[in-house]
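Fold and contact review
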Amino acid sequence: MPIAMMLHSDGKHDSQLGMDATVTVCHRYTPAEQLEFFCRNADIIITATGVPKLIKATMIKPGATVIDVGITRITDEQGKTKLVGDVDYEEVSKIAGAITPVPGGVGPMTVAMLMHNTLQAAQRLARKN
C-alpha cells in the first residue's frame, strides 16, 4: 500500500496501519510557490521525485521530519559522479528535526525489508510442500 494511503487511512476502519493523517500529495511539477507552501506546513515530508535538491531549507517547518527516498546520480564540479537525494541535505538538516541521508538512508531499510519479505515467502512456500 502506498505510504500516502497508509498515513491517510482510518486506523479504526480501513486498516490497522492507518494513521488518520491529513495527507497532501504534490507532484514534481507542482508550482514552486505551492510546493513551498505545502512543505512549509508539513510535519512530515516524504519525497521521491528524482529531482536533485528539489526540497530547500526555506521549504521546511522547523523540527519537521524529512524522509528522502529520491536518488539521482550527478556529476559534481570536479567531474566525479555521486548520489544525491531530492533534499538539499546540508541546508535542510540544520532545520529539520530528523532527516534521512542519501545514500545510506532508506535504501538499506528497503533492502532489509526485501530480504525479510523474501524469507517470509520462502517459509510459507516450504510449509505448503
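None of the values given here were measured: they were computed from a predicted structure. (Residues numbered from 1 in each chain as written. Predicted model: local features only at pLDDT ≥ 70, side-chain atom pairs only at ≥ 80, totals over all residues. Heavy atoms only, no water.)

Observations regarding the nonpolar core
As a reminder of what qualifies: Take the buried residues of types Ala, Val, Leu, Ile, Met, Phe, Trp, Tyr and Cys, join any two whose side-chain atoms come within 4.5 Å, and each joined set is a nonpolar core. Burial classes follow relative accessibility: with a 1.4 Å probe on protein chains only, a residue under 20% of its type's maximum area counts as buried, one over 50% as exposed, and anything between as partly exposed. Note on contacts: a residue pair qualifies if any of its non-hydrogen atoms lie within 4.5 Å across the two residues.
Counting residues in each nonpolar core, the largest one holds 14 residues, and the members touching the most others are I55, I60, V66 and V92. Those residues within four positions of V66 in sequence are excluded, and the remaining contacts are I45, I60, V87, V92, A96, A98, I99 and T100.

Examining the confidence of the model for the chain
The line we're drawing: A residue's pLDDT is the confidence the predictor assigns to it, expressed on a 0 to 100 scale. Only DSSP runs of H or I reaching four residues or more are called helices, and only runs of E reaching two or more are called strands; each is numbered from the N terminus.
For the chain, the average pLDDT comes to 90, and 94% of its residues sit at 70 or higher. The secondary-structure element of the chain with the lowest mean pLDDT is helix α1 (residues 3-8), recorded at 78, while strand β5 (residues 98-99) shows the highest, at 97.

Details of a nonpolar patch on the surface
The cut-off we apply is this: A patch consists of residues whose relative accessible area exceeds 30% and which take part in no salt bridge; residues with like charges are grouped when within 9 Å of each other, and nonpolar side chains (Val, Leu, Ile, Met, Phe, Trp, Tyr) when within 5 Å. For the area figures, the Shrake-Rupley method with a 1.4 Å probe applies, and any residue is considered shielded solely by the protein chains shown. Any carboxyl oxygen of Asp or Glu that lies within 4 Å of a side-chain nitrogen of Lys or Arg is treated as forming a salt bridge with it.
Judged by side-chain polarity, I3, I44, I46 and V69 come together as a nonpolar surface patch covering roughly 330 Å² of accessible area. Within the fold, I3 resides in helix α1. Taking the relative accessible area as the measure of exposure, I3 reaches 46% and is therefore partly exposed.

Comments concerning the packing of aromatic side chains
We apply this condition: Aromatic rings from Phe, Tyr and Trp, with only the six-membered ring used for Trp, were paired whenever their centres fell within 6.5 Å, and each pair was classed as stacked if the ring planes differed by under 30 degrees, edge-to-face if by over 60, and tilted otherwise.
Scanning the model with the defined rule gives one aromatic pair in all. Note on F37 and F38: the rings are 5.4 Å apart at their centroids and 70 degrees apart in plane angle, and the pair reads as edge-to-face. On the accessibility criterion, F38 (34% relative accessible area) is partly exposed.

Some remarks on the sheet that holds β5
Rules: Pairs of strands are assigned from DSSP output, requiring at least two bridges between the strands.
A sheet is described by the order of its strands in space; here three strands give the open sequence β1-β2-β5, paired in parallel fashion. Looking at the sheet topology across the chains shown, the edges are occupied by β1 (44-47) and β5. As paired strands, β1 and strand β2 (residues 65-68) are joined by four bridges and run parallel to one another. Residue pairing in the sheet places T47 in a bridge with D68 of β2.

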